[in-house]
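Remarks on the overall topology
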Amino acid sequence: MLDKIQRFAEKNNMFHSGDSVVCGLSGGADSVCLLTCLCELSEALGISVEALHVNHCLRGAESDRDEDFCRSLCQRMNVPFTAVSCDVRSFALAHSLSEEEAARKLRYEAFAENSKGKLIATAHNANDNLETAILNLARGSAIKGLMGIPPVRGNIVRPLLGVTRAEIEEYLNKKGISFVTDSTNLSDNYTRNKIRHQILPIINEINPSAVSTFVNSSDAMRNENSFIESETSKALAQCRKGNSLCGINSYHAVIRRRCIAKLLSDNNLPYSFERLEKCDEIAVNGGKINISKNIFLISDGTNIRLEKIEPKKSADIQLSAEMKLGKNAIFEHKFLFIELLKGKHLQMCDIVNTSLTIYYLDYDKIKGKVFIRNRRFGDRITLQGRSFTSSVKKLINEKIPPDFRSELHFLEDSGGTIFAEGIGIADRIAPDENTMNYLKITVRSC
């Protein structure tokens, strides 16, 4: 197994002669195996080894037992040892995190603090790698997530990623090396443990070599991702002009999306798989997408750019026009399409089961002329099915995202507000079983 670990480390360029390596030591089988193997390989790799134990203080006496075990082990092996304690439970409560996530965050903070100018080696193995890929798949991930855990990231190295848990246990048994067991690893309270105890056994029934096979799959995906990253870098060098991507439509969709993701991340803007899909669609077809607050991604079908557009204060700029059948436009990017329909062609289910972009009014209940307008200060409406009048401002704050509040359509007859886009219609003009003429309102984009 030592040869396997050494080849994996050399293949991934983990160590250089003279490196100081801090081994993350929990006292469990994996980390004890890592420490032992690094010490045995230290001369061949040209490295010096020390150990760091992070006590999460979650299991009372058991946590202290683990720390004492690690300290004693390092004393016997003549390995420099450091122990750090952290209050995971309090940190989790203060930051609204699960204990699992809080422990991970504090552990890596301790790693960073105690490995300045050094490498930190963690004991993630091939089983952990497959578990991570399954977890990422369940949460939703592209190729980067399906690759699992990277062998090298910054100053963090993972020499055991090519070794299975079974190989680790066999190595320790043959060497007669003891370790401790974290009782939380036996529980299914943590998401990763559910994968480990319930999903992996089923996968192993299908393919007993699944874990070791995934080592090769993960390596292949890393190579393919490296190629994609290389092509993305070339594309960015050609088309990136500040916050614009010029000629982005000529590249493959995979490269386009990575370029867009890079553009957004460089500007600390959020994105998801669905958002990238929409961004890529306008990259080749043209259009505009609101990314965050007043930041928009705008494309003419060839070039795409980030632009800050300050929202118009519609309450200050009064827009109004008498309603007509057909297209009614008072905003630049959307309009209302109004139709008059006879009731005998409609069923009540058609009226009730509508989206937030289609509305029906009883045409015969309208009083006088109808005007289409934007929002006004002090607007109020008695919504369908309610016996009280509500503040439109309050309803907008409850129902409408901030980015969409500046361009909302309203309809008003001589009796007051009868329609508020995204909110609903007034109770007094709501269709019922006696309705014969319907006013159908559809919100459309230009």
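Residues numbered from 1 in each chain as written. Predicted model: local features only at pLDDT ≥ 70, side-chain atom pairs only at ≥ 80, totals over all residues. Heavy atoms only, no water.

Some details on the environment of Val21
Mapped onto the elements of the fold, Val21 is located in strand 1 (residues 20–24). In this structure the C-alpha to C-alpha distance between Val21 and Val49, which are 28 residues apart in sequence, comes to 5.0 Å. Apart from residues lying up to four places away in sequence, Val21 is in contact with Phe15, Leu38, Ile47, Ser48, Val49, Glu50, Leu119 and Ala121. (Helix = DSSP H or I, 4+ residues; strand = E, 2+ residues; numbered from the N terminus. Contact = heavy atoms within 4.5 Å.)

Some remarks on the pairing of strand 3 (residues 81–85)
Summarising the sheet, strand 2 (residues 48–55) and strand 3 pair through five bridges and their orientation is parallel. Paired with Leu52 across the bridge in strand 3 is Thr82. For the segment spanning strand 2, helix 3 (residues 61–77) and strand 3, crossover handedness is right-handed. (Pairing = 2+ DSSP bridges. Right-handed = clockwise from strand over helix to strand, strands pointing away.)

Notes on helix 8 (residues 165–175)
Of all the residues in helix 8, the buried ones are Arg165, Ile168, Tyr171 and Leu172. What you see down the axis of helix 8 is that its buried residues fit within an arc of 125°, all on one side. Along helix 8, the residues that are exposed and aim more than 90 degrees away from the buried face are Ala166, Asn173 and Lys174. Where helix 8 is buried, its residues contact helix 1 (2–11), helix 2 (29–45), helix 6 (126–139) and helix 9 (191–206). Looking one or two residues beyond helix 8, the residue adopting positive phi is Gly176, at roughly 70°. (Buried < 20%, exposed > 50% of the residue type's maximum accessible area, 1.4 Å probe, protein only. Arc of directions from axis to C-beta.)

What about the packing of helix 11 (residues 253–266) against helix 12 (residues 273–285)?
Here helix 11 crosses helix 12 at 110°, and the two axes come no closer than 9 Å. Comparing the axis directions of helix 11 and helix 12 gives the class roughly perpendicular. Our pair here, helix 11 against helix 12, has a crossing hand that is right-handed. Residues Ala253, Arg256, Arg257, Ile260, Ala261 and Leu264 of helix 11 lie in contact with helix 12, whose contacting residues are Phe273, Leu276, Glu277, Cys279, Asp280, Ala283 and Val284. For the contact of helix 11 with helix 12, a count of residues per class yields nine nonpolar, no polar and four charged. (Axes fitted to C-alpha atoms, helices over the stretch in contact; angles between N-to-C directions. Parallel < 35°, antiparallel > 145°, perpendicular 65-115°, else oblique. Left-handed = near helix turned anticlockwise from the far one by under 90°. Nonpolar A, V, L, I, M, F, W, Y, C, P; charged D, E, K, R; others polar.)

What about the pattern of salt bridges?
Using the criterion set out here, one finds 32 salt bridges in the structure. For the salt bridge of Glu307 with Arg305, the shortest nitrogen-to-oxygen distance reads 2.8 Å. Overall, the relative accessible area of 28% leaves Glu307 in the partly exposed class. Through salt bridges with shared partners, a single ionic network connects Asp30, Asp128, Glu131, Arg165 and Arg196. (Salt bridge = Lys/Arg side-chain N within 4 Å of Asp/Glu carboxyl O.)

Thoughts on empty space enclosed by the protein
Going through the model one piece at a time under the given rule, you end up with one cavity of 30 Å³ or more. Estimates place the volume of the largest cavity at around 30 Å³. Every residue along the wall of the largest cavity is listed here: Phe8, Asn129, Leu161, Val215, Ser218 and Arg222. When residues in the lining of the largest cavity are grouped by element, the largest group, three residues, is from helix 10 (residues 210–239). (1 Å grid on protein atoms, 1.4 Å probe; cavity = no way out; pocket = protein on both sides within 12 Å on 5 of 7 lines; lining within 4 Å. Points joined across faces, edges and corners; volume = space filled by probe spheres on them.)

Comments concerning the sheet that holds strand 10 (residues 295–299)
Strand order in the open sheet formed by five strands is 7-8-11-10-9, and the pairing between neighbours is antiparallel. Strand pairing shows two members of the sheet lacking a second neighbour, strand 7 (240–241) and strand 9 (287–292), which therefore form its edges. For strand 10 and strand 11 (residues 304–308), the ladder comprises five bridges, and the chain directions are antiparallel. Counted as the bridge partner of Ile298 is Arg305 from strand 11. On the sheet, helix 12 packs against strand 9, strand 10 and strand 11 and is oriented at approximately 150° with respect to strand 9.

Topic: unusual backbone geometry
Most peptide bonds take the trans configuration, and most residues that are not glycine carry a negative phi. Despite not being glycine, Ser96 has its phi angle at roughly 55°, a positive value. Inspection of the secondary structure puts Ser96 in the loop between helix 4 (88–94) and helix 5 (99–113). Although it is not a glycine, Lys293 adopts a positive phi angle of roughly 50°. Its location among the elements puts Lys293 in the loop between strand 9 and strand 10.

Re the packing of aromatic side chains
Considering all chains together, one arrives at three aromatic pairs under this definition. Ring centres of Tyr108 and Phe111 lie 5.3 Å apart, and the angle between their planes is 75°; on these two criteria the pair is classed as edge-to-face. Taken as a pair, Tyr108 and Phe111 lie in helix 5 at a separation of three residues, close to a single helical turn. Classification of Tyr108 by relative accessible area gives buried; the value is 15%. (Phe/Tyr/Trp six-rings, centres within 6.5 Å; stacked < 30°, edge-to-face > 60°.)

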